[in-house]
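# Chain and residue survey
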2 protein chains.
Amino acid sequence: MAISSKIRGLAEQGSAIRKMFEAGIALKAQHGEDKVFDLSLGNPVAEPPDRFHQVLQELAQEPRPGMHRYMPNAGYNETRRAVAEGLKAETGLPFGMEDVIMTCGAAAALNVVLKALIDPGDEVVFFAPYFVEYRYYVDNHNGVSVVAPTDDSFQPDLVALESMITPRTRAVLINSPNNPSGAVYSAERISALCALLEDKSRLLGTEIFLISDEPYRQLLYDGLSYPHVFPHYGPSIAVHSHAKDLALPGERIGHIAVNPAYDDRRDLVDGLIFCNRILGFVNAPALMQHAVRGLQGVTVDVSDYQRKRDYIYGELVRMGYTCFKPQGAFYLFPKSPVEDEDAFIEELQSWNVLAVPGRTFGSPGFFRISYCVEDRVLEGSLEGFRRTARKFGL
Amino acid sequence: MAISSKIRGLAEQGSAIRKMFEAGIALKAQHGEDKVFDLSLGNPVAEPPDRFHQVLQELAQEPRPGMHRYMPNAGYNETRRAVAEGLKAETGLPFGMEDVIMTCGAAAALNVVLKALIDPGDEVVFFAPYFVEYRYYVDNHNGVSVVAPTDDSFQPDLVALESMITPRTRAVLINSPNNPSGAVYSAERISALCALLEDKSRLLGTEIFLISDEPYRQLLYDGLSYPHVFPHYGPSIAVHSHAKDLALPGERIGHIAVNPAYDDRRDLVDGLIFCNRILGFVNAPALMQHAVRGLQGVTVDVSDYQRKRDYIYGELVRMGYTCFKPQGAFYLFPKSPVEDEDAFIEELQSWNVLAVPGRTFGSPGFFRISYCVEDRVLEGSLEGFRRTARKFGL
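This is a predicted model, so every value here is computed, not measured.

Bringing the overall build of chain A into the picture now. A count of helical and extended segments in chain A gives 14 helices and 12 strands. Taking the principal axes of the C-alpha coordinates as reference, chain A spans close to 60 × 60 × 55 Å. Counting all 394 residues of chain A, 54% fall into the buried class.

Quick look at the structure:
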C-alpha cells in the first residue's frame, strides 16, 4: 500500500532497464569496473565544451542580484530570444522569443506539451522503435499510446500510420535522430507524413499536432543536415535539450519551440506556460538558462561520436551482425542473431557486456547499444560480441 | 483547439494571480517601477548566502569530469547523505541517504509524491488557506482535492477534518510555516492530527499518508523551533526546497524525505524514484546538487525577514487591520475590511499597491501580501493601505 496500484503496475512493466542497471552494479562489484563493458545507458562520455566552462566561471565570479530568483514561467526573455535567433538561423523561419519556452530538459518539455494537448482518452501515435519513456509520458496525462511501425531503414511507415489515425488522434510524436535506431527521418518522409496529417485533419475535422522530439538534432554524421518539421506543417512543436549537444544531461535544460507559422500559437504557448507551471517544473533552472544563452549552436565534438560509430558499427558488421548504419545520435540498433533477444542479451552479459533488449523500445528481435562511452569500453566489448555471435551461429 | 478542453478550463479558473501579474506590468509601465508597490509575489528579495557564491565559484573553477552528467534518478549519494545528516541533526531520527530523494524543487517533490500515492479518485485533504497550486497538483494525478478549514489561528481544524476522512482518503497535506497565513502548526496540533489519522487508518483499514510541505521550515521567528511531523506518525513524508532558505527559487532544487520509522519505506522510495523519472523531472539539477551538499543548515538572514514582518504587521495593525501575526514564512494574511475582498484589492490597486485576494487560497474575506520585498516597497505601500482602510471605515 506504500504506492498506488497504478504505479506498482507501471513500475513492474518498466523494470527491464532497471534490471540491467542492477546487473551492471553487481557485475562491476564482482569483476571490477574495468572488466564490465556497459553499453546500456545513454549517458554521454563527452564533457561540455570549453566555452560552457568559461561562461559558468564568469557567472559564478560575478553574481548579479536576482540571478537565482524566479523569472517568468516561460524563462528569461534574453534566453528565449537567443534560442529563437538560433532556430531562425537554422530554419530561415521568423521565430521570436514568444515562440520559445525554456524547460527542465526535453523530458519536461514533452510532458508539458502532452499535458497541454491531451484530453482524457486522446491518442498519441509514435513509431517503434521508440524512446522507452513515451508510454509513461502519454499515460501521465491520460492519453492513449498508439504504436506505428517503421520500415527497414527505421523511417515512419506512412501506409500503416494512415490506418491508425482516428478521430481521437491528437498528436503524432516523432524522434529524429532516433533513439534507439540512429535513423534520421528524411525531409521527403517528413513532408509526406505532414501531407498525410493535413489530409486526415481536414477529413476528420480535427487538429492533429506533430511533436518532434529532437534532443540529438546536432548529432548528425557524414555531413547530413537536419530536416526540420516546421516548413512542412503548421501545428508542429519541437522539443530540444542541451543534454547531448552541450553534454549537460544532469542539468535539465531544454526548450519547447512552437511553429511561428501556426495560427493559434499564442493560445498554445499560453497553455504550455501554464502546464509548465502546474506540473511543478515552474521554470527551467535559472543558472543554466543564463549559461546556455550564449551557447546556442555550440556543440561537443560530433566527429568523435562519428569515429566511435564507425568503429563499433564496422566491427559488429565484420562479425556478421546485421545493423542499420546510424546517421545521428549515439546508439546502434542491430538485429539479434537469435529471435528471442533476451537469450542474446543474457549470453552477452555472461561476457560482461551490457546491452538493452529491443522489446524495451517496442521492437523485439533487436538490441540497443550506446556508443557514447570511452573507447576502452567499446574495445573491451568486442570479445563478448564475437563469442556471442559465434554461439548463435553468425 | 490549440489546447485541450481540460487545460482551457483549468487555466481560466487559475487566472487571478496572472491577472494581478499583468496588472502589475501595466501599472509599472504607466507609473514607473518605483511608483508601484508589488506585494503579490513570493519571489524573495534576499540574495543567496555568501557561502553559496563561494561554493559555486569553486565548482565552476575546478570542473570535475562527469559533474554535469546523469546520476541515479534519486540524486547523488553524497548529496542525499548530506541532507539525511541534516535531518538527523534536526530531528534526532536515524535518517539515511536511502530515505532522501533529490528533486527539482518542492513543486516537483509534491507532484512526485502525489503521483506515487494516488490511484484515480483517491482523495487528498488540505487546509484553507492553502498554496494555490495544490488543487492542480492533486488533479494532475487524477486525485480529488478536499479542503478542510482552519481555526482562528490558522491551525488545522481537527473536528472538521475527522468528518471529512473517507475510505478514499489517501493523504493529508499540510504546509507549515504556511503560505499564505504565516502560521506554524504547533507540535500539539500535529500530534493530535497524527493520532486522528492513526485511528482513522485503523478503523477504515486504509493507509493515510501525511505529506508535510516545508519550503519555509528555516524561516521561523521569535526563536520558535520547528515541530517536525516525523516523530508523530509513521507514514509521513516531508518535501523541502532551497528556494527560500538559500534564496534559490529559480534553480529548482529540493528534496523528499521519507520517515525512517515507516515500515514500507523501501517500497515507497522506489515508487518515488520511479515517479521522479517518468514525470520527466529525471533528476534534480546536477550542479545545484553539488552546491547544496555542503550548505545544509545554511540560510539567508532570517532576522531581516523578521524585521520586515514586525514593520508591516505593526503598521497595518496600527491602521486598524485585523491580522494574525506570522510565526514564519514571509506572508501576511490580514482580514479584508470589506467582505468582498475583490473590492478591497481593487481599491488598493488604485493606489498602486498589489496584493492577492484570499479566495485564491480558499479563504475569501482575506488578502495576502508578501513582505519578501525591498523596504522601500513596504514603506511605499503604506499610504495605499491607509487610504484604503479609511475608505472602508477602519
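Turning our eyes to something else, we now look at the sheet that holds strand 9 (residues 331-332) of chain A. Residues and elements named next belong to chain A. An order of 9-12-11 is seen for the three strands of this open sheet, with the pairing classed as antiparallel. Edge positions in the open sheet fall to strand 9 and strand 11 (356-357), since each of these has one partner strand only. Note that strand 11 and strand 12 (residues 367-370) share two bridges and pair antiparallel. Bridging from a neighbouring strand, Val356 pairs with Arg368 of strand 12.

The next thing to look at is unusual backbone geometry. Here the amide bond leading from Ser176 of chain A into Pro177 of chain A is cis, since omega sits at -5°, within 30 degrees of zero. Inspection of the secondary structure puts Pro177 of chain A in the loop between strand 5 (169-175) and helix 8 (187-204). Note that the residue after Asn179 of chain B, namely Pro180 of chain B, is joined by a cis bond; omega there is 20°. The topology assignment puts Pro180 of chain B in the loop between strand 5 (169-175) and helix 8 (187-204). A positive phi is found at Ala329 of chain A, a non-glycine position, where the angle reads about 60°. Within the fold, Ala329 of chain A resides in the loop between helix 12 (302-318) and strand 9. You can call Ala329 of chain A buried: it has 30 C-beta atoms within 10 Å.

Moving on to the relation of the copies chain A and chain B. Least-squares fitting of chain A to chain B yields an RMSD of 0.0 Å, with the transformation described by 0.0 Å of translation along the axis and a rotation of 180°. The superposition operator between the copies reduces to a two-fold rotation axis. The residues that chain A uses at the interface reappear at the interface of chain B in 100% of cases, marking a shared surface.

Attention now moves to the interface of chain A and chain B. Taken together, the contact between chain A and chain B spans 60 residues of the former and 60 residues of the latter. Every element with two or more residues in the side of chain A that touches chain B is listed here: helix 1 (5-13), helix 3 (50-61), helix 5 (105-117), helix 6 (134-140), helix 10 (265-278) and helix 11 (286-293) of chain A. Of the residues forming the side of chain A that touches chain B, the biggest block, eight residues, is contributed by helix 5 of chain A. A per-class count over the side of chain A that touches chain B returns 35 nonpolar, 14 polar and 11 charged.

For helix 5 (residues 105-117) of chain B, with 13 residues, the first-to-last C-alpha span of 19 Å sits near the 18 Å given by 1.5 Å per residue. Of all 13 residues in helix 5 of chain B, 13 are buried, a share of seventy percent or more.

So, about the sheet that holds strand 12 (residues 367-370) of chain B. Pairing in this open sheet of three strands is antiparallel, and the strands run 9-12-11 (chain B) from one edge to the other. The two strands at the open ends of the sheet, each matched to only one other strand, are strand 9 (331-332) and strand 11 (356-357) of chain B.

Turning to the packing of helix 5 of chain B against helix 10 (residues 265-278) of chain B, a few remarks are in order. Residues and elements named next belong to chain B. At a closest axis distance of 8 Å, the pairing of helix 5 and helix 10 adopts a crossing angle of 115°. Along this stretch, helix 5 crosses helix 10, giving a crossing that reads as right-handed. Residues Val112, Val113, Lys115 and Ala116 of helix 5 form the contact with helix 10, whose participating residues are Gly271, Leu272, Cys275 and Asn276.

What follows concerns the nonpolar core. With 188 residues, the main nonpolar core has Val113 of chain A together with Val113 of chain B as its most contacted residues. Setting aside its immediate chain neighbours within four residues, Val113 of chain A contacts Ile211, Ile237, Val239, Ile256 and Leu272 of chain A.

Right, let's talk about helix 10 of chain B for a bit. Taking 1.5 Å per residue, 14 residues should reach 20 Å; helix 10 of chain B reaches 20 Å between its end C-alpha atoms and fits that length. The buried count for helix 10 of chain B comes to 11 of 14 residues, which makes it a mostly enclosed element. In this structure, the buried side of helix 10 of chain B is in contact with helix 1 and helix 6 of chain A together with strand 2 (100-103), helix 5 and strand 8 (254-258) of chain B. Following helix 10 of chain B by one or two positions, Gly280 of chain B adopts a phi angle in the positive range, close to 95°.

Once that is clear, we can look at the environment of Pro227 of chain B. All names here are of chain B. Residue placement: Pro227 occurs in the loop between strand 6 (209-213) and strand 7 (236-241). Of the residues examined, Pro227 has 17 C-beta atoms within 10 Å and is grouped as partly exposed. Those residues in contact with Pro227 that sit more than four places away from it in its chain are Tyr185, Ser186, Ala187 and Ile190.

Our next topic: the environment of Ile174 of chain A. Residues and elements named next belong to chain A. Structurally, Ile174 is set in strand 5. The class for Ile174 is buried, based on 21 C-beta atoms found within 10 Å. Separated by 47 residues in the primary sequence, Ile174 and Phe127 have C-alpha atoms spaced 6.9 Å apart. When neighbours within four sequence positions are excluded, Ile174 is seen to be in contact with Phe127, Pro156, Tyr185, Ser212 and Asp213.

Quick look at the pairing of strand 8 of chain B now. All names here are of chain B. Taking burial as the measure, the five residues of strand 8 include five buried ones, the bulk of the element. The alternating pattern of strand 8 places Gly254, Ile256 and Val258 and His255 and Ala257 on opposite faces, both of which are buried. Summarising the sheet, strand 2 and strand 8 pair through four bridges and their orientation is antiparallel. Across the sheet, residue Met102 finds its bridge partner in strand 8, namely His255.

Residue and element names in this part refer to chain A. You can see Ile237 is positioned in strand 7 (residues 236-241). You can call Ile237 buried: it has 30 C-beta atoms within 10 Å. Every residue in contact with Ile237, bar those within four places of it in the chain, is listed here: Val113, Phe209, Ile211, Ile256 and Val258.

Parameters and conventions
Residues numbered from 1 in each chain as written. Chains lettered and ligands numbered in written order. Predicted model: local features only at pLDDT ≥ 70, side-chain atom pairs only at ≥ 80, totals over all residues. Helix = DSSP H or I, 4+ residues; strand = E, 2+ residues; numbered from the N terminus. Buried ≥ 20, exposed ≤ 12 C-beta atoms within 10 Å, placed from the backbone. Pairing = 2+ DSSP bridges. Least-squares fit on C-alpha atoms with pLDDT ≥ 70 in both. Contact = placed C-beta atoms within 7 Å. Nonpolar A, V, L, I, M, F, W, Y, C, P; charged D, E, K, R; others polar. Expected span 1.5 Å × (residues − 1). Axes fitted to C-alpha atoms, helices over the stretch in contact; angles between N-to-C directions. Left-handed = near helix turned anticlockwise from the far one by under 90°. Core = buried A, V, L, I, M, F, W, Y, C linked by C-beta atoms within 7 Å.

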